[in-house]
Amino acid sequence: MTDPRRLRRRFWLAVVALFAAGAGLVHAAAAPAAPPQPAPPRAAAAHTIGYDRYSLILDGRRTYVWSGEFHPFRLPSPGLWRDVLQKMRATGYNTVSVYFDWGYHSPAPGVYDFTGVRDMDRLLAIAAEVGLYVIARPGPYINAEVDAGGYPGWLTTQAGRARTDAPDHLAAADEWLTAVDAVIKRHQLTDGTGTVILYQIENELANTATTQRTYLTHLRDRVRADGVTVPIFHNDKGREGRWVPAGAGVAGTVEGPVDLYAFDGYPGGTCRTDATPGSPNTAPDWGIHGPGGARGGASASPDTPGFTAEFGGGWFDYWGSNGTYPCTAVRQGPGYERVFYGTNIANRLSIQNFYMTFGGTSWGWLPAPVVYSSYDYGAAISEARQLRPKALAMKQLGSFVQSVAPLTKVDAGPPVTASSAAVKLYHNVNPDTGTHFYHAVHNPSNGTTNDTFRFPVETGDGSYTVPQSGQLRLNGQDAKILVAGYDVEGQHLVYSTSEITTHAAHGSHGLLALHGRDGENGETVLRYASAPTVTVTGDATVTSTFDAATGDLRLNYTHTGLAQVRVTGGGRPPLLLLLAADSAADAIWRLETAAGPVLVRGPALARTAEVRGRTVHLTGDTAAATDLEIWAPAGVRAATWNGTGVGVRPTGTGSLRSRTALPGPKPVTLPDLSARPWHYASGSPEKAPGFDDSLWTVADRTATNSTTEPPAGQPVLTADDYGFHHGDVWYRGRFTGTVPASVALTYGGGGAGLVQAWLDGTYLGQHVLPSALAAPPTTGTATFTVPEALRTGGDHVLSVMVRNNGHNQDGGVNDAHKEGRGLIAAATGLPTTWRIQGNAGGETPADPVRGPLNAGGLHGERTGWQLPGFPDRGWATRTVPDTTAAPGTSWYRTSFRLAVPRGHDASLGLTIGDPAVPRSGGHYRALIFLNGWNIGQYVADVGPQHTFVLPAGLLNPRGRNTLALAVTSDGGAGDTLEAVRLTDLGTVRGGVPVAPVRAPGYR
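Cut-offs and rules
- Residues numbered from 1 in each chain as written.
- Predicted model: local features only at pLDDT ≥ 70, side-chain atom pairs only at ≥ 80, totals over all residues.
- Heavy atoms only, no water.
- Helix = DSSP H or I, 4+ residues; strand = E, 2+ residues; numbered from the N terminus.
- Polar contact = N/O pair within 3.5 Å; in protein donor to acceptor, adjacent residues only side chain to side chain.
- Contact = heavy atoms within 4.5 Å.
- Pairing = 2+ DSSP bridges.
- Axes fitted to C-alpha atoms, helices over the stretch in contact; angles between N-to-C directions.
- Salt bridge = Lys/Arg side-chain N within 4 Å of Asp/Glu carboxyl O.
- Phe/Tyr/Trp six-rings, centres within 6.5 Å; stacked < 30°, edge-to-face > 60°.
- Buried < 20%, exposed > 50% of the residue type's maximum accessible area, 1.4 Å probe, protein only.
- Core = buried A, V, L, I, M, F, W, Y, C linked by side-chain atoms within 4.5 Å.
- Expected span 1.5 Å × (residues − 1).
- 1 Å grid on protein atoms, 1.4 Å probe; cavity = no way out; pocket = protein on both sides within 12 Å on 5 of 7 lines; lining within 4 Å.
- Points joined across faces, edges and corners; volume = space filled by probe spheres on them.
- Nonpolar A, V, L, I, M, F, W, Y, C, P; charged D, E, K, R; others polar.
- pLDDT = per-residue confidence, 0-100.
- Parallel < 35°, antiparallel > 145°, perpendicular 65-115°, else oblique.
- Left-handed = near helix turned anticlockwise from the far one by under 90°.

**Thoughts on the side chain of Ser-496**
Inference 1: Residue position: Ser-496 is located in strand β22 (residues 491-496).
Inference 2: Here Thr-524 takes part through its side chain, which lies 2.7 Å from a polar atom of the side chain of Ser-496.
Inference 3: Those residues in contact with Ser-496, other than ones at most four positions away along the chain, are Leu-482, Val-483, Leu-514, Glu-523, Thr-524 and Tyr-557.

What follows is the structure, given as structure tokens:
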């Protein structure tokens, strides 16, 4: 075998040479590095952010904040950030909430990296370009199911208790905030240089002792001193009235150094014990229709807007589950969104953030012990960046709350009772405009009940029983938000039993889009001075009647496809009314331009629109061939789609319709990995008694700040104390004497963590921490029986590998993140001296571009076996699936070429084993490296994940790719690498340009 020290030198020289060649990679070295400074911004007008009990007020305009959570650190391909943010904007969001992970940016004290995949300036700039406000959540503590709750590994060795006023902890927090605030400040709405509108200073800090109050106040003062001027809030876990603004005046609350009170809630449950989609259906009242008081949600701070900083958009999944994301995506799907989020709207929660909207991937060693690599979350946008049906329901809700301005200032109206006791009606009224809102839900329902009802409407327009013809329906888990007494686009809406999608000026006309469930009846009443003319085209039959006594024009119809209704005369400007069934509304997209809004119908996604002269330039995606219809500002006569001209013709309703269909995607052919040659090498040379560990660190510390101290008289072995914070860590211990009958090793491995041991080169076995638990044990003791032939006197070497699957989070403010990782203790007197080796470079990672979370301390990782370009031609070859395995780690490498057609976005994945079986039974696991990036960990006998997303940017869609698998096995029969194949997770024609993420390869 090649001398490992020579390989290490080659690897280091390769990295240094690559950087010296000016490859554009930036490494935050041992000295503190300030965030990169952008070019001075052009003069920008400052903006104002105000608020009252009703809503945020931006530049004097009330704004309903409809936000989705997105973690850029869970998508290490900056080119795809634009894809996700454009999809959020297109599906109705006007805001994105962003956690900043301290540990992601800081491998060592004083070292901060905001470049490459950590370029938060770029992320915030893209958000502004896309048209999204930003809620910044920089911690210092974030939880987020990430390693140590977002704390850097080096913070685990501090003496002071975290999340308190301990001086060393405050000093570290100041260091982080000073670095990240310099980024955030450059993008504040208040400075006119960006769209950051809110700032969170801590997350779910449940302790309210003096030390926490001092700590929070210190953070607030630090942030303000750093130049952050937007409103500050804290996220209260469980709505306990903790950390409300001063002067809230509600008994039982705890005041804190914040401007706004925010809380979180995940009332939808999970699929772990009840896999029934659509259950539960009873949403809580955490606002103006609730019980009030300190624990009533928004009522804890009655003079600030109702603010859910996190509301369930799904739920995370844990090691050893049955794989609940597909179920969660349905259970917290369209019906759940309409019921629960709609109830929040009815309760005047005018700042809502949904966690998650895109979950992404906890790649590398990013996950906390409670989650595996996929953080799909069952979110509206899947881990593979595909829009789920729930994303389209969110589009309806988001478009509604942003279009109907009176919704931003409402009070509870007089109670209204439906004709059916099975239906509950919330009633709100805008005190300035007199607009009425009715939210109809089951009272309660198990999600399968179908109910019909009517209800009385009393507004300035008169008294009505709605609908006048037929009945309204609630089928299964569903809810409706209906509007009455609304002045809109020069019209007056008396009421509608259809829901408002959006409205806009359309040339000299007004445009009002309504939607309803497919096949359900709708009734819309508009008021005119005299009988108008009604012209109907499209898919549905629409009947109209005019009551000269009241001036009411009543339209009755069934929601079928799309009907376009032109109403002219009657003393009002012309109106185009779009009456869409939900299935048709799903394909209607609203885009903003300087010339006015544009509505697009047909494609799977409409991303951007720009009007230049008489042409509207559109971008978006098609999943199949589709017609295109455009409602554009006045004067537009032509269109392009993704840079190509589209032949269009005007219609009688003022739209433009394509003469031919937009093309769908071409087929994508994926290579067969089972037919590829796989290069193979044994990767655990550390097990051999004669292995040279002279360059390893001597484990000779006698004191630790870990919460798991070693027994008296034993050295400190915990990996963090020696600067090895992530991934696998190796130990070699020497002793002289007779070997006992068994060896006991206490270790910390996080969720589904593992220890393997060899004595004098002979494999003793492995131990895996229990899984299939939402709160798994993260430490354990492994007792290995020593074969009798090894129980001899003399000199001995004990070799141990521990897999660290993440540090605990510190949600309980009990320093849980300081629990030991790696070895904690061995049987007394065995061994007497230890050496330790983790990731190459420790707190100065050898690969600064991919960063400290990408690679651990396996021999192959330390010598570059995971990197593209590594010279593996001298390795043996194996077939995959394999038939044999040896204890320890073995490496499999292959390459493949892709030829995804240009102008296409193919979301590809790597699948190992049989996705229908969450746990295959083979006692092995595999670290998956794509072009050097650790995209996840497959654990065959724990599961449930089989498919791993390969994001473009890391993946080369039109060229060569290198795949390396580090397979750690128990060596038994069946503990072998299963079938490996590429999977198409969704291909469209369109997408966004994605540049390759430049990172070191082996040279």
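**Points about the sheet that holds strand β11 (residues 260-265)**
Inference 1: Spatial strand order, β4-β5-β6-β7-β8-β11-β12-β13: eight strands in a closed barrel with parallel pairing. For this sheet, the mean inter-axis angle between neighbouring strands, taken without regard to orientation, is 30 degrees.
Inference 2: Lying over the sheet, helix α6 (residues 210-225) contacts β7 (196-203) and β8 (232-236), oriented at roughly 150 degrees with respect to β7.
Inference 3: Strands β4 (65-70), β12 (307-312) and β13 (351-358) of the sheet are contacted by helix α8 (residues 334-346), whose axis makes an angle of about 165 degrees with β12.

**Quick word on the pattern of salt bridges**
Inference 1: Enumeration over the complete set of coordinates arrives at 44 salt bridges.
Inference 2: For Arg-732, the salt bridge is made with Asp-693, and the minimal N-O distance between the two is 2.7 Å. Linking Arg-732 in strand β42 (residues 729-736) with Asp-693 in the loop between β40 (678-682) and β41 (697-698), this pair joins segments that are 39 residues apart in sequence.
Inference 3: The shortest N-O distance in the salt bridge between Arg-878 and Asp-882 comes to 2.7 Å.
Inference 4: One continuous salt-bridge network, built from bridges that share partners, spans Asp-83, Lys-87, Arg-385, Arg-607, Asp-621 and Asp-905.

**A word on the packing of aromatic side chains**
Inference 1: What the rule picks out here adds up to 42 aromatic pairs.
Inference 2: With 5.5 Å between their ring centres and 25 degrees between their planes, Trp-730 and Trp-758 make a pair best called stacked. Of the two residues, Trp-730 sits in strand β42 while Trp-758 sits in strand β44 (residues 754-759), which places them 28 residues apart along the sequence. Here Trp-730 matches Trp-758 in class, with each residue buried.

**Some points on the pairing of strand β33 (residues 605-612)**
Inference 1: Two strands pair when backbone bridges link them, and β33 and strand β34 (residues 615-621) are joined in this way by seven bridges, in the antiparallel orientation. Its bridge partner lying in β34, Arg-612 is registered against Thr-615.
Inference 2: Counted along the chain from β33 to the antiparallel partner β34, the turn is two residues long, and its residue Gly-613 has a positive phi close to 65 degrees.

**Topic: the sheet that holds strand β37 (residues 644-646)**
Inference 1: As summarised here, the arrangement of the four strands in space is β33-β34-β36-β37, forming an open sheet in which the pairing is mixed. At either end of the open sheet lies a strand with only one pairing partner, and these are β33 and β37. The sheet shows a mean angle of 30 degrees between the axes of neighbouring strands, direction not considered.
Inference 2: Bridging between strand β36 (residues 638-641) and β37 involves three bridges; their strand directions are antiparallel. Paired with Ala-639 across the strands is Val-646, a residue of β37.
Inference 3: Sheet strands touched by helix α2 (residues 78-90): β33 and β34. Its angle to β33, the strand with the most contacts, is close to 85 degrees.

**A few points about the nonpolar core**
Across soluble globular proteins, nonpolar side chains have a tendency to be buried as a group.
Inference 1: Judged by nonpolar contacts, the single largest core of 123 residues is most densely connected at Trp-66, Phe-70 and Leu-85.
Inference 2: Sequence-distant contacts of Leu-85, that is, excluding residues within four places in its chain, are made with Phe-70, Val-96, Leu-123, Ile-126, Ala-127, Val-130 and Leu-132.

**A short note on α2**
Inference 1: For α2, with 13 residues, the first-to-last C-alpha span of 19 Å sits near the 18 Å given by 1.5 Å per residue.
Inference 2: Within α2, eleven of the 13 residues are buried, which leaves the element mostly enclosed by the surrounding structure.
Inference 3: Phi turns positive, to about 100 degrees, at Gly-92, one or two residues after α2.

**A few points about unusual backbone geometry**
Inference 1: Cis peptide bonds are those with omega within 30 degrees of zero, and the linkage from Tyr-355 to Met-356 qualifies with 0 degrees.
Inference 2: Looking at where Met-356 falls in the secondary structure, it is placed in strand β13.
Inference 3: Following Gly-943, the chain continues to Pro-944 via a peptide bond in cis, the omega torsion being 10 degrees.
Inference 4: We note that Trp-243 has phi near 65 degrees; this positive angle belongs to a residue other than glycine.
Inference 5: Here Trp-243 shows up in strand β9 (residues 242-244).
Inference 6: Although it is not a glycine, Glu-489 sits at a positive phi angle of roughly 50 degrees.

**A closer look at helix α4 (residues 120-130)**
Inference 1: Taken residue by residue, α4 has Met-120, Asp-121, Leu-123, Leu-124, Ile-126, Ala-127 and Val-130 as its buried positions.
Inference 2: N-capping of α4 is provided by Asp-119, with a side-chain oxygen placed 3.3 Å from the backbone N of Asp-121.
Inference 3: Gly-131 occupies a position one or two residues after α4 and carries a positive phi of about 100 degrees.

**Considerations on the pairing of strand β47 (residues 795-803)**
Remember that side chains alternate between the two faces of the sheet whenever the strand is regular.
Inference 1: Counting buried residues along β47, eight of its nine residues qualify, which places the element largely inside the surrounding structure.
Inference 2: Relative to β47, β42 is paired through eight bridges, and the arrangement is antiparallel. The residue bridging Arg-734 from the neighbouring strand is Val-797, located in β47.
Inference 3: Bridging between β44 and β47 involves six bridges; their strand directions are antiparallel. Residue pairing in the sheet places Leu-754 in a bridge with Arg-803 of β47.

**Section: the layout of surface pockets**
Inference 1: As a volume, the largest pocket reaches approximately 1100 Å³.
Inference 2: Together, 46 residues line the largest pocket, and Arg-89, Asn-94, Gly-131, Gln-402 and Glu-592 are the ones closest to its centre.
Inference 3: Elements supplying a minimum of two residues to the lining of the largest pocket: β3 (61-63), α2, α4, α9 (389-403), β23 (499-506), β31 (588-591) and β33.
Inference 4: A total of six residues in the lining of the largest pocket trace back to one element, the largest contributor, which is α9.
Inference 5: Split into classes, the residues belonging to the lining of the largest pocket amount to 17 nonpolar, 18 polar and eleven charged.
Inference 6: In this structure, the second largest pocket occupies an estimated 810 Å³ of space.

**With respect to the environment of Leu-985**
Inference 1: One can find Leu-985 in strand β57 (residues 980-989).
Inference 2: Using a relative accessible area of 27% as the deciding quantity, one classes Leu-985 as partly exposed.
Inference 3: Through-space distance from the C-alpha of Leu-985 to that of Ala-661 is 24 Å; in sequence the pair is 324 residues apart.
Inference 4: What Leu-985 contacts, discounting residues up to four positions off in sequence, is Ala-384, Gln-386, Ser-907, Leu-908, Gly-909, Thr-947 and Val-949.

**Some details on the environment of Asp-941**
Inference 1: Positionally, Asp-941 belongs in the loop between β54 (933-939) and β55 (947-950).
Inference 2: Separated by 320 residues in sequence, Asp-941 and Asp-621 have C-alpha atoms that sit 39 Å apart.
Inference 3: Discounting residues that sit within four places of it in the chain, Asp-941 has contacts with Arg-919, Gly-921, Gly-922, His-923 and Tyr-924.

**Here we look at the confidence of the model for the chain**
Inference 1: Mean pLDDT over the chain stands at 93; residues scoring 70 or higher make up 94%.
Inference 2: Scored below 50 in pLDDT, residues 1-43 makes 72 contacts in the model with residues more than four places away or belonging to other chains.

**Quick look at the packing of α8 against α9**
Inference 1: In the contact formed by α8 and α9, the axes pass within 9 Å of each other and the chain directions differ by 25 degrees. In this view, α8 runs roughly parallel relative to α9, as classed from their interaxial angle. Our pair here, α8 against α9, has a crossing hand that is right-handed. When α8 is examined against α9, the residues Pro-334, Glu-337, Arg-338, Tyr-341 and Ile-345 are found in contact with a partner set consisting of Pro-389, Lys-390, Ala-393, Met-394, Gln-396, Leu-397 and Val-401.

**Concerning the packing of helix α5 (residues 167-185) against α6**
Inference 1: With their axes 10 Å apart at the nearest point, α5 and α6 run at an angle of 30 degrees to one another. On the basis of their axis angle, the class for α5 and α6 is roughly parallel. α5 and α6 meet at a crossing whose hand is right-handed. Taken together, the residues of α6 that come into contact with α5 (itself represented by His-169, Leu-170, Ala-173, Asp-174, Leu-177, Thr-178 and Asp-181) are Tyr-215, His-218, Leu-219, Arg-222 and Val-223.
Inference 2: Broken down by class, the residue content of the contact of α5 with α6 amounts to six nonpolar, three polar and three charged.

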